[in-house]
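Fold and geometry: a report
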Amino acid sequence: MSTLIPAAALDLFALRENFDHERILLCFNGPITSALIEEIGNALRSHLRVLKESPSAVTDVFSAYVEMTQNIRRYVEQKPHIQDASVIVVSRDGQGRHMVSAGNTVEVADGERLVARIHELAALSKEQLKALYKTQLRRPREELEGSAGLGFIDIARKAAEPLHCTLRPLDSDRAFFTLRVTL
């Protein structure tokens, strides 16, 4: 006897199959809050430990996840008129490295500045990133405009490859910014 499966169940199964094919360990789509960042972060750490990842890998993936999601949350707080369309994905590539990707809607000008900053960091060597990190730490607090600017530098220092980003136009005012780090 055959049982009919509702269409929604088939879609969920297909989504799961796609996640398995793409080696996606975690995916979140929706507004980011501090509570969600914490809960998803705890789940991510637990999942990585179950997979028997090294403590340093767990720390690096978790740190990148927190930095990227906190950046999104802070941006949305500063720009409440921007729709909070956020996506977070943690996956593995074919070599077993972890990839943390995060994306959100931004104003076009802000996105262009982010892309320029990421490209600057991607062009630096590990030694140059270390020196930049130390320089940034020494800057006077009043020059920092509310942020020490260390997050992207630290992520770039830990990355196995240069940071990668995209900016996809949505309309004349908004774009979708995506950042991927491979650890």
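What you see is a predicted model; the values in this text were computed from it and never measured. (Residues numbered from 1 in each chain as written. Predicted model: local features only at pLDDT ≥ 70, side-chain atom pairs only at ≥ 80, totals over all residues. Heavy atoms only, no water.)

Across its full length, the chain holds six helices and five strands. Helices and strands appear in the chain in the N-to-C order α-β-α-α-β-β-α-α-α-β-β. Counting only C-alpha atoms and orienting by the principal axes, one finds that the chain spans roughly 75 × 40 × 30 Å. Within the span of the chain, comprising 183 residues, buried residues form 34% of the whole. (Helix = DSSP H or I, 4+ residues; strand = E, 2+ residues; numbered from the N terminus. Buried < 20%, exposed > 50% of the residue type's maximum accessible area, 1.4 Å probe, protein only.)

Locating Asn 104 in the fold gives a position in strand β3 (residues 98-107). Discounting residues that sit within four places of it in the chain, Asn 104 has contacts with Ile 72, Tyr 75, Ala 85, Ser 86, Ala 175, Phe 176 and Phe 177. (Contact = heavy atoms within 4.5 Å.)

Turning next to the packing of aromatic side chains. Across all of its chains, the model carries one aromatic pair by this definition. Between Phe 62 and Tyr 65 the ring centres are 6.5 Å apart and the planes differ by 40°, which places this aromatic pair in the tilted class. Here Phe 62 and its partner Tyr 65 are both found in helix α3 (residues 55-78), three residues apart, which amounts to about one turn of the helix. Of note, Arg 45 hangs over the ring of Phe 62, and the distance from its end group to the ring centre comes to 3.9 Å. When the ring centre of Tyr 133 is taken as reference, the NZ or CZ atom of Arg 157 above it lies at 4.6 Å. (Phe/Tyr/Trp six-rings, centres within 6.5 Å; stacked < 30°, edge-to-face > 60°. Lys NZ or Arg CZ within 6 Å of the ring centre and 35° of its normal.)

What follows deals with the sheet that holds strand β5 (residues 174-182). Spatial strand order, β1-β2-β3-β5-β4: five strands in an open sheet with antiparallel pairing. Strands with a single pairing partner mark the edges of an open sheet, and in this sheet they are β1 (24-29) and β4 (164-169). Each adjacent strand pair in this sheet contributes to an overall mean axis angle of 10°, direction not counted. One ladder, built from six bridges, connects β4 with β5; its direction is antiparallel. Within the sheet, the bridge partner assigned to Pro 169 lies in β5 and is Ala 175. Across the sheet, helix α2 (residues 34-50) touches β1, β2 (86-92) and β3, and the angle it forms with β1 is around 170°. (Pairing = 2+ DSSP bridges. Axes fitted to C-alpha atoms, helices over the stretch in contact; angles between N-to-C directions.)

Pairing analysis gives nine bridges linking β3 to β5, with the strands arranged antiparallel. The partner of Val 106 across the bridge, within β5, is Ala 175. As consecutive antiparallel partners, β4 and β5 are separated by four residues.

This part takes up the confidence of the model for the chain. Predicted confidence across the chain gives a mean pLDDT of 90, with 90% of residues reaching 70 or more. No element of the chain has a lower mean pLDDT than helix α1 (residues 7-21), at 80, and none a higher one than β4, at 97. (pLDDT = per-residue confidence, 0-100.)

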